[in-house]
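# Analysis of the macromolecular model
For reference, the chains in residue letters:
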Amino acid sequence: MTERCDNPFAGDPALEAVLSQHEPLAAHTWFGLGGPARWMARPQDIEQLAELTRRCVRAGLPLRVLGQGANLLVGDDGVDGLVVRLDRPVFKRIEWPAPEGPQGEEVTVRAAAGADLGRLTLEAVRRGLAGLECMAGIPGTVGGAVRMNAGGRFGQISDVIRSVRVMHRDGRQGVVPREEAGFAYRRSGLGDVLILEAELALRRDDPRRLHERYRAVWEVKRRTQPLRENSAGCVFKNPPGHSAGALIDRAGLKGRKVGGACVAREHANFIVAREGATASDVLELIGQIRDEVSDRFGVDLELEIELWGCRSSGGARAGTGAVGTA
Ligand SMILES: Cc1cc2nc3c(=O)[nH]c(=O)nc-3n(C[C@H](O)[C@H](O)[C@H](O)COP(=O)(O)OP(=O)(O)OC[C@H]3O[C@@H](n4cnc5c(N)ncnc54)[C@H](O)[C@@H]3O)c2cc1C
């Protein structure tokens, strides 16, 4: 980790009060791996967030937003720049519609970026608001889900998004309608913005029926995923016409280990991090999987997880998709 400048946040005691240095990121990710962030901030409000982003731009410091770290691998040396967590109450607020209304009515829910996706989903089900049940079993924040267009075979979050409120790097805010947000399979095209809030269009339905649907989705996840172990969900995107997990399985890679990193037996597209694992172990294993799947089937697997501060995955032939400081 290289340090680029002394302290771009000096001179503002309120800002300094929400900052920490050399914050270990392993504790903030589902993999439980990775080194520290040079700076971490937990802003109290939108104005502080805007000031942080403006100062980063002025100082040429990279700024990343961390949700719950459910889709991230952080390199062992950590990351330079500022990592922002939106975990104060103002960034977790959810606005619900009036409780009563006719079945089938479309209603609006506003969920701030730091809100927990699992809680939002369960509460929507409890209130008889349909559209999010397909997100059962997907960990993370609303911001992370919007950025990744989280979902699966039962649906994806963009199906119910009406618009996204964002902050640009100069602190200005804007609203991006769904049609302009560039949603596609496990990605959004929102660009270099901070997601502040999603406006969702849900539909009134019978809570019991919704609960059944939620349970059915959750049951599939429980049966097929290694939910008790540290992972970041599916490591690779499904290539067109293929299942990444099936290709990895057919290549005989289930159970393959590098150090403490292991291809899960329950689901070949999951890598689990066991005792003693490092981010470098996971990267090496990713490289081996990409190379062997490419050799066997001529398919290049693209990463679904994001890499922070990782310089190489060791997958020399397939390429890494890794960036230095994205
Ligand atoms: C056990 C398990 C099961 C999973 N199953 C699924 C699944 O079925 N389907 C699926 O799609 N995913 C799945 N995932 C992956 C993960 O849950 C999703 O990608 C989730 O949306 C990540 O949210 P997060 O808040 O943890 O984001 P993070 O992992 O913290 O961040 C992911 C990306 O989003 C960006 N980001 C986060 N918040 C903001 C914001 N406010 N503004 C701008 N950018 C932001 C980050 O900078 C980063 O680039 C699974 C993960 C685990 C561990």
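Note that this is a predicted model, so its numbers are computed, not measured.

## So, the overall build of the protein
From N to C terminus, the protein includes 7 helices and 17 strands. Taken against the 2.2 N^0.38 rule, which gives 20 Å for 326 residues, the C-alpha radius of gyration of the protein at 20 Å falls within 12% of a compact globule. Here the C-alpha coordinates of the protein stretch approximately 55 × 55 × 35 Å along the principal axes. Looking at the protein residue by residue over its 326 residues, the buried ones come to 51%. Considering only contacts within the protein whose residues lie at least 6 apart along the sequence, 66% involve residues at least 24 apart. Element-wise, carbon and sulfur atoms account for 46% of the exposed surface of the protein, whose accessible area totals about 14,700 Å².

## A short note on the site of the ligand
What surrounds the ligand is a group of 34 residues, the closest being V65, P139, T141, G151 and E306. Interatomic distance of 2.6 Å between a backbone N/O atom of V65 and an oxygen atom of the ligand. For the ligand, a nitrogen atom lies 3.4 Å from a polar atom in the backbone of G144. Across the complex, the protein chains shield 95% of the 970 Å² of accessible surface that the ligand would expose by itself. Only β3 (63-66), α4 (142-148), β13 (194-204) and β17 (306-308) provide two or more residues apiece to the shell around the ligand. Looking at the shell around the ligand residue by residue, the classes come out as 18 nonpolar, 12 polar and 4 charged.

## Remarks on the sheet that holds strand β14 (residues 257-258)
The strand order across the open sheet built from 3 strands is β14-β15-β16, with neighbouring strands paired in antiparallel fashion. On the outer flanks of this sheet lie β14 and β16 (271-273), each paired with one strand and no other. Inspection of the sheet shows β14 paired to strand β15 (residues 261-263) by 2 bridges, in the antiparallel sense. From the neighbouring strand, V258 faces β15, where its bridge partner is A261. Along the sheet, helix α7 (residues 279-297) makes contact with β14, β15 and β16, crossing β15 at roughly 30°.

## What about the packing of helix α3 (residues 117-126) against helix α5 (residues 207-224)?
Interhelical geometry of α3 versus α5 gives an angle of 145° and a closest axis separation of 8 Å. Only P207, L210, H211 and Y214 of α5 make contact with α3, whose side of the interface consists of T121, L122, V125 and R126. When the residues that make up the contact of α3 with α5 are grouped by side-chain class, the tally is 5 nonpolar, 2 polar and 1 charged.

## A few points about the sheet that holds strand β2 (residues 36-41)
In a beta sheet, neighbouring strands are held together by backbone hydrogen bonds and run either parallel or antiparallel to one another. Pairing is mixed in the open sheet, where 4 strands are placed in the order β1-β2-β5-β3. Both outer strands of the open sheet, β1 (19-24) and β3, are each paired with one neighbouring strand and no more. With strand direction ignored, the average angle separating the axes of adjacent strands in the sheet is 35°. Across 5 bridges, the pairing between β1 and β2 is antiparallel. Pairing of L19 across the sheet is with A41, part of β2.

## Comments concerning the packing of aromatic side chains
Taken as a whole and assessed by the stated rule, the structure comprises 1 aromatic pair. For the pair F9 and W39, a centre-to-centre distance of 5.2 Å together with 75° between the ring planes defines the contact as edge-to-face. Highlighted residues: F9 in the segment before α1 (13-17) and W39 in strand β2, separated in sequence by 30 residues. For F9, a relative accessible area of 0% puts it in the buried group. A cation over an aromatic ring shows up here: R64 above the ring of W308, its NZ or CZ 5.4 Å from the ring centre.

## What to know about the domain arrangement of the protein
Taken as a whole, the protein is organised into domain 1 (13-89), domain 2 (92-224) and domain 3 (226-326). Once you take the C-alpha centre of each, domain 1 and domain 2 turn out to be 24 Å apart. Counting residues at the interface gives 17 residues for domain 1, matched by 18 residues for domain 2. Inspection of the region where domain 1 meets domain 2 yields 0 salt bridges.

## Structural notes on the pattern of salt bridges
As enumerated under the stated definition, the model contains 23 salt bridges in all. Its salt-bridge partner being E123, residue R127 comes within 2.8 Å of it at the nearest N-O pair. Judged by relative accessible area, R127 falls into the partly exposed class, the value being 35%. Among the residues examined, E123 registers a relative accessible area of 21% and is labelled partly exposed. In the salt-bridge network here, residues are joined through shared partners; they are E95, E106, R110, R162, E199 and R203.

Conventions we followed
Residues numbered from 1 in each chain as written. Predicted model: local features only at pLDDT ≥ 70, side-chain atom pairs only at ≥ 80, totals over all residues. Heavy atoms only, no water. Helix = DSSP H or I, 4+ residues; strand = E, 2+ residues; numbered from the N terminus. Rg over C-alpha atoms; globule rule 2.2 N^0.38 Å. Buried < 20%, exposed > 50% of the residue type's maximum accessible area, 1.4 Å probe, protein only. Contact = heavy atoms within 4.5 Å. Areas by Shrake-Rupley, 256 points an atom, 1.4 Å probe, with all protein chains shown as cover. Near = heavy atom within 4 Å. Polar contact = N/O pair within 3.5 Å; in protein donor to acceptor, adjacent residues only side chain to side chain. Nonpolar A, V, L, I, M, F, W, Y, C, P; charged D, E, K, R; others polar. Pairing = 2+ DSSP bridges. Axes fitted to C-alpha atoms, helices over the stretch in contact; angles between N-to-C directions. Phe/Tyr/Trp six-rings, centres within 6.5 Å; stacked < 30°, edge-to-face > 60°. Lys NZ or Arg CZ within 6 Å of the ring centre and 35° of its normal. Domains from an automatic or database assignment. Salt bridge = Lys/Arg side-chain N within 4 Å of Asp/Glu carboxyl O.

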